[in-house]
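Residue strings, one per chain:
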Amino acid sequence: MIRFDSVSKSYPGTTRPALNSVDLEILKGEFVFLVGASGSGKSSFLRLILKEENPTKGSIHVLGQHLNTLSSRKVPYFRRNLGVVFQDFRLLPNKTVFDNVAFTLQVIGKSRGFIQEAVPDALKMVGLAGKSNRFPHELSGGEQQRVAIARAVVNKPAIMLADEPTGNLDPATAAGIMTLLERINLGGTTVLMATHDAGIVDQMKRRVIELIGGQIVRDELQGGYQTQTVPTQGRIPHPAASKPASAASTATQSPARPMASPSSQGEGLDA
Amino acid sequence: MRLGLILGEVGSGLRRNLSMVVSVVLVTFISLTFVGASILLQMQIGQMKGYWYDRAQVAVYMCTEIDTTGNCTLAEATEDQIAAVKQQLDSPTLAPYINEVEFETHEQAYENFKEQFADTTFEGIITPESLNESFRVNLVDPEQSDVLIESLSGLAGVESVEDQRAYLEPIFAILNAASYTAIGVAGLMLVAAVLLIATTIRLSAFSRRRELGIMRLVGASNRFIQTPFILEGVFASLIGSILAGGAIVAIVQFFVRGYLATTLPVNTSLLGMEEALLVVPILIVSGAALAAVSAGVAISRYLKV
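What you are looking at is a predicted structure, and each value in this text was computed from that prediction instead of being measured.

Calculation notes
Residues numbered from 1 in each chain as written. Chains lettered and ligands numbered in written order. Predicted model: local features only at pLDDT ≥ 70, side-chain atom pairs only at ≥ 80, totals over all residues. Heavy atoms only, no water. Buried < 20%, exposed > 50% of the residue type's maximum accessible area, 1.4 Å probe, protein only. Helix = DSSP H or I, 4+ residues; strand = E, 2+ residues; numbered from the N terminus. Pairing = 2+ DSSP bridges. Contact = heavy atoms within 4.5 Å. Axes fitted to C-alpha atoms, helices over the stretch in contact; angles between N-to-C directions. Core = buried A, V, L, I, M, F, W, Y, C linked by side-chain atoms within 4.5 Å. 1 Å grid on protein atoms, 1.4 Å probe; cavity = no way out; pocket = protein on both sides within 12 Å on 5 of 7 lines; lining within 4 Å. Points joined across faces, edges and corners; volume = space filled by probe spheres on them. Disulfide = S-S within 2.5 Å. Buried area = accessible area lost by both parts, 1.4 Å probe. Salt bridge = Lys/Arg side-chain N within 4 Å of Asp/Glu carboxyl O. Polar contact = N/O pair within 3.5 Å; in protein donor to acceptor, adjacent residues only side chain to side chain.

(A) Geometry of the pairing of strand 9 (residues 207-212) of chain A. Residue and element names in this part refer to chain A. Within strand 9, 6 of the 6 residues are buried, leaving the element largely enclosed by the surrounding structure. The alternating pattern of strand 9 places Arg 207, Ile 209 and Leu 211 on one face and Val 208, Glu 210 and Ile 212 on the opposite face, and all of these are buried. With 4 bridges connecting them, strand 3 (residues 31-35) and strand 9 associate as parallel partners. Along strand 9, the bridge assignment pairs Leu 34 with Ile 209. Both strand 9 and strand 10 (residues 215-220) contribute to a ladder of 5 bridges, which runs antiparallel.

(B) Here's a closer look at the sheet that holds strand 2 (residues 19-26) of chain A. All names here are of chain A. The strand order across the open sheet formed by 4 strands is 2-1-4-5, and the pairing between neighbours is antiparallel. The two strands at the open ends of the sheet, each matched to only one other strand, are strand 2 and strand 5 (65-66). As defined by bridge partners, strand 1 (residues 2-9) adjoins strand 2 across 5 bridges and the pair is classed as antiparallel. Looking across to strand 2, one finds that Val 7 is bridged to Val 22. Packing against the sheet, helix 1 (residues 42-49) makes contact with strand 1, strand 2 and strand 4 (57-62), and its axis sits at approximately 120 degrees to strand 1.

(C) Examining the nonpolar core more closely. One finds A:Phe33, A:Val119, A:Ile149, A:Met160 and A:Leu181 to be the most contacted residues of the largest nonpolar core, which totals 75 residues. The dominant element in this core, judged by the number of residues it contributes, is helix 3 (residues 97-107) of chain A, at 7 residues. With sequence-adjacent residues up to four places away left out, A:Met160 is seen in contact with A:Gly83, A:Val85, A:Ile149, A:Ala152, A:Val153, A:Leu181, A:Ile184, A:Thr189, A:Thr190, A:Val191 and A:Leu192. Core analysis: the next-biggest nonpolar cluster, separate from the first, contains 31 residues, A:Ile2, A:Phe4, A:Leu19 and B:Leu217 among them.

(D) Main features of empty space enclosed by the protein. A full pass over the atoms with the stated rule returns 6 cavities of 30 Å³ or more. Of the voids in this model, the largest cavity is the one considered here, and its volume is about 120 Å³. Lining of the largest cavity is provided by A:Arg80, A:Leu82, A:Gly83, A:Val84, A:Thr104, A:Arg151, A:Ala152, A:Asn155, A:Pro157, B:Leu217 and B:Val218. Among the elements of the structure, strand 6 (82-86) and helix 5 (141-153) of chain A together with helix 7 (209-218) of chain B are those that each provide at least two residues to the lining of the largest cavity.

(E) Molecular detail of the state of the cysteines. All names here are of chain B. Under the defined criterion, the tally for this structure stands at 1 disulfide over all chains. Paired by a disulfide, Cys 63 and Cys 72 hold their sulfur atoms 1.8 Å apart. In this structure, the disulfide formed by Cys 63 and Cys 72 twists by about -85 degrees around the S-S bond and is classed as left-handed.

(F) Expanded view of the sheet that holds strand 1 (residues 58-62) of chain B. Residues and elements named next belong to chain B. If you trace the 4 strands from one edge of the open sheet to the other, you get 2-3-1-4, paired in antiparallel fashion. Only two strands of the sheet have a single partner each, and these edge strands are strand 2 (98-104) and strand 4 (158-163). Strand-to-strand twist of the sheet, defined as the mean angle between neighbouring strand axes without regard to direction, takes the value 15 degrees. When strand 2 meets strand 3 (residues 134-139), the two strands line up antiparallel, connected through 6 bridges. From the neighbouring strand, Val 101 faces strand 3, where its bridge partner is Val 137. Its contacts with the sheet put helix 5 (residues 145-153) on strand 1, strand 2, strand 3 and strand 4, and the angle it makes with strand 4 is roughly 175 degrees.

(G) Highlighting the interface of chain A and chain B. Listed per partner, the contact involves 26 residues of chain A and 17 residues of chain B. Of the roughly 2,000 Å² buried where chain A meets chain B, counting both sides, 66% is carbon and sulfur surface. Counting the surface chain A buries against chain B, the share from its top three residues, A:Arg79, A:Phe103 and A:Val107, is 27%. Counting across the interface, chain A meets chain B through 0 salt bridges. At the junction of chain A with chain B, the criterion picks out 3 residue pairs in polar contact (both at pLDDT 80 or more).

Encoded structure:
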């Protein structure tokens, strides 16, 4: 589904790479949490999958496409297979709920008949069946995020990327959103979610990939927000040693390699 | 469905950016009017050249007994000398350039003179003998008068060889200068129009950046994203170019046909509606093309993926 082969991403003007030699494979139907402090490279990771950025080094395969060589003319068609949700919802304020969801189908040229069927289905799925004529500002934050999710899934994407989708929501509402994402995942969609919400990650017991300073320091199935094992005190991870057990197959030995907590890890890298 | 959506986007873009759209309309209107005017001027020059050059002849003046210039020595050109010139004109070297040769005798010259200056008194001062006998030569290609001038000027009994076209040159020079000025102004205005269209489209794209971001995210094709903006620019400049076309037709109708045609001498050949109607489509097509290109360039940076 998604494969990174020693991918590095450096933005011009900085010496520290946003992503440093990342190896990773995410399989079809997985539900993956991407955790790590701000600036650890989560967003760069998601942007690389979307091909909003090109990697500085390494190669990326998504849905059988080699993104490094995907021509920019084909990028739009590639993106139709991805659904994306953001922390700030990104709804169009002057369109109704229905039109917001329908917009994505209109701009990729779906027929009116298809839109009339698919949009109510998607809204029903996210639990907003009765609110299709409301405007975004008339909805609560949780409802707005549901609209955004409906928009992301209405075209039945194979992969769903969520960048801190619960970041602006209270715990109860966030839990509702997570239930929704879980249901979408059960439908066969691969979900990759970047988050800071420790409670959610701990509760869901799904695969967790932790990034620190652009490197994968942890990749465990059924992990928590912080590693379950007791961190070894004073151990300074060598960059080479922190190379992840990248492929999902090797990540099955859970719990994974013991690691320091993110904060002490960061200091260790700086030292 | 898609067409309706695109047109809807164009409409909302135009409404949101109304003042910029109006300025695009005005600038394209004025610049294309100048373009049209300079094309018309060039056409007018071409038409006048065609008309006058056909009538402009090369005149080979023979000596009279009062001439001292040229090859003349106060002696009337003899029959032999006239015959020699005639022979030269008929010779294989010159004949291909020549369409028609007429010989004007003293008497004919006097008649023409009397006709031209009918309202002045010259009796006694001008006699038929003081007017040159001349060959009036119509050339196949009026541009090649130099050949004739070179080969005939040296002959005995020839006072001078004159290309009457030379009299017309200053008029055409003035008209040419006017048309180049119009082209220069038009060029500057077109640059302004192109930049203005680009700015308008950028503004329009900026005010719709949310939609653009979502479109790119969900995989709208580049063509779908850029078409509304290009149509927006083309629509605005199309209005301008149609106005310019109207102005050109009005200029020809009311100024050239209405004013100049009644003021200038009757036999002046002036442009008509056919020429104006030829210019209008040029203006409309070039206006639309220009807008499409500049809008396309302006929007392209919003399409980078």
